[in-house]
Amino acid sequence: MGHVPPVENPDGAGNIQDNEFHVHIPWMPANADSARYGKTLQNLAWEVMDFWEWVRPEREEKAAREMLLERVSAAAKSIWPQSKVTPYGSFLVEALATFESDVDMRVDGWQSADDNNCVWDVRERQSEALHMLHDKLLRDGWATCMELRDRAIVPIIVCVDVESGISLDISLGEHLFACHLSNHLPDTAERRQRLLGNDTTQIAAAFVRRWPQLFPPIVTLMKVLFAQLGLDKPFTGGMGSFKLYCLVAYFLQNVQQLPSQGDKVASEERHSMLPKRFVYKSVGRALIDFLGYVGQGFPNLRFHFDSVLAFDLNGESVEAAEDDGSRVVCKADYCSAWDWHRIAQACWHVRAQLLDAGTGADTPAEYGRLYYILNVDEMRRSREWARAQAVSALERPPIVAPPKPPSTPPPPGVC
């Protein structure tokens, strides 16, 4: 993780030329000078915002994801004509998406082959339905690296589009019978609240509306960082996207500002001088304090911590919201993220690197701070590859599945 600064290219007085910074720091705006990324927290805030803009999907990459949604929808409808494929997650909340983000899809209105035999084991039904969809995608020929995780807590199909290289996670939503039943239930405030509370996409969008200048850049940077450290997969003890959303939101809503490095005021006195809910105005200060909160506080809380958030989906304060079904209590249990030691250790280490960057000869401030905690060369190559693959996928004709061989008619008199 991190980099040694590249060899400087002296220009007269020995300063690196401005174009050198753009070569080594791909997220630096083209019209910015080298002083943009300096030693202050405001410089860090600018860099985090620039990074957030750089990692977001471009127009071609969004179009390639839309194409995959249509392909999965066509495959599902060929099996269950009344089904509907709905994207969720960062696919719909663009402020939280990166060029490396998976496309999460949910198939509602599915049926299993044993439905007419009254098989009430939901897991058995889901497993059979997922196998049907898995075989269909395999026959269509555009998905590769397919993996059927029917024993997971949420059974899914994981695959990669062979043309664009975009990863997909396909899960099953409501059964066809449940969809019909839901359409006839009364539209009450309690039912709306239950449905909204189960919709992680609307919850994530509410977080973005509530903290538009803080939540998206912090979440995006942490997603990229956890992915590079191998701490982003829940099934290996890492932290999934939604739990990261809840953790950042819980921090911004409830946690006081932490004392800065080198602060002469004692920690207890410092906290007593701050309001119960500190309102951050700088994403740089918020990022440093979030990393310190996770790195220092969570090792002792990892076994019993629940992130409980009561908020209004319209982005207003909870106290001012009316009880009309738009207020949601969101709970995220972090016991499943069993690798808390590595998560906390990584956050504390990254915080120290961000605070130390720009203070020594080996870490010149002109290169910014993110340069020393991210694998920049790998990200640059991934960024260029993702863009090229998306453009190429949109220009190619769609992959057509091979036709099924004609079936031999049965002999006369045989049913």
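Up top is the structure these notes are about.
Residues numbered from 1 in each chain as written. Predicted model: local features only at pLDDT ≥ 70, side-chain atom pairs only at ≥ 80, totals over all residues. Heavy atoms only, no water.

## Regarding the packing of aromatic side chains
- Tallying each qualifying case throughout the model produces eleven aromatic pairs.
- Each member of the aromatic cluster is reached from another via a ring pair, and the members are Trp-27, Phe-51, Trp-54 and Phe-99. (Phe/Tyr/Trp six-rings, centres within 6.5 Å; stacked < 30°, edge-to-face > 60°.)

## With respect to the side chain of Glu-61
- Take Glu-61: it is sitting in helix α3 (residues 59-79).
- Looking at Glu-61, the relative accessible area reads 1%, which means it is buried.
- Discounting chain neighbours no more than four positions away, the residues touching Glu-61 are Arg-56, Phe-99, Ile-166, Arg-383, Ala-386, Arg-387 and Ala-390. (Helix = DSSP H or I, 4+ residues; strand = E, 2+ residues; numbered from the N terminus. Buried < 20%, exposed > 50% of the residue type's maximum accessible area, 1.4 Å probe, protein only. Contact = heavy atoms within 4.5 Å.)

## A word on the packing of helix α8 (residues 215-229) against helix α9 (residues 241-254)
- Direction vectors running N to C along α8 and α9 enclose 135°, while the axes themselves pass 10 Å from each other. Our classification of the angle between α8 and α9 gives oblique. Where α8 crosses over α9, the handedness of that crossing is right-handed. Every residue of α9 that contacts α8 at Phe-215, Ile-218, Val-219, Met-222, Lys-223 and Phe-226 is listed here: Ser-241, Leu-244, Tyr-245, Val-248, Ala-249 and Leu-252.
- Among the residues forming the contact of α8 with α9, the class breakdown is ten nonpolar, one polar and one charged. (Axes fitted to C-alpha atoms, helices over the stretch in contact; angles between N-to-C directions. Parallel < 35°, antiparallel > 145°, perpendicular 65-115°, else oblique. Left-handed = near helix turned anticlockwise from the far one by under 90°. Nonpolar A, V, L, I, M, F, W, Y, C, P; charged D, E, K, R; others polar.)

## Let's talk about the environment of Lys-39
- Looking at where Lys-39 falls in the secondary structure, it is placed in the loop between α1 (18-24) and α2 (41-55).
- C-alpha separation for the pair Lys-39 and Ala-357, spaced 318 residues apart in sequence, amounts to 7.7 Å.

## Describing the nonpolar core
- Grouped together as the largest cluster of nonpolar side chains are 69 residues, with contacts concentrated most on Trp-27, Phe-51, Phe-215, Met-222, Phe-290 and Leu-374.
- Elements with a contribution of two residues or more to this core: α2, α7 (200-210), α8, α9, α11 (283-297), α12 (340-356) and α13 (376-395).
- Here this core gets nine residues from one element, more than from any other, and that element is α9.
- Apart from the residues lying within four places of it in its own chain, the contact partners of Trp-27 are Tyr-37, Glu-47, Asp-50, Phe-51, Trp-54, Leu-370, Tyr-371, Leu-374 and Val-376.
- Of all hydrophobic cores here, the second largest spans 27 residues; its members include Leu-69, Trp-80, Ile-166 and Ala-390. (Core = buried A, V, L, I, M, F, W, Y, C linked by side-chain atoms within 4.5 Å.)

## Describing the state of the cysteines
- Tallied over the full model, the rule gives zero disulfides.
- Between Cys-145, a cysteine without a disulfide, and Cys-159, which holds the nearest cysteine sulfur, the sulfur-to-sulfur distance is 9.1 Å.
- Residue Cys-159 is classed as buried on the basis of its relative accessible area of 0%. (Disulfide = S-S within 2.5 Å.)

## A short note on the pattern of salt bridges
- Within the structure shown, the criterion is met by 14 salt bridges.
- When the shortest N-O distance is used, the salt bridge between Lys-136 and Asp-140 registers 3.1 Å. Linking Lys-136 with Asp-140, this pair stays in helix α4 (residues 122-140), spanning four residues, or about one helical turn. For the pair Lys-136 and Asp-140, one class covers both residues: buried.
- We note a salt bridge from Arg-149 to Glu-147, for which the minimum N-O separation is 3.2 Å.
- Classification of Arg-149 as partly exposed rests on a relative accessible area of 22%.
- Several salt bridges share partner residues, and in doing so they unite Arg-71, Asp-161 and Glu-163 into one network. (Salt bridge = Lys/Arg side-chain N within 4 Å of Asp/Glu carboxyl O.)

## Examining unusual backbone geometry
- In this structure, Cys-145 is a non-glycine residue whose phi angle is positive, near 50°.
- For Cys-145, the position within the fold is in strand β3 (residues 143-149).

As far as function goes, none of this settles anything; it's purely spatial.
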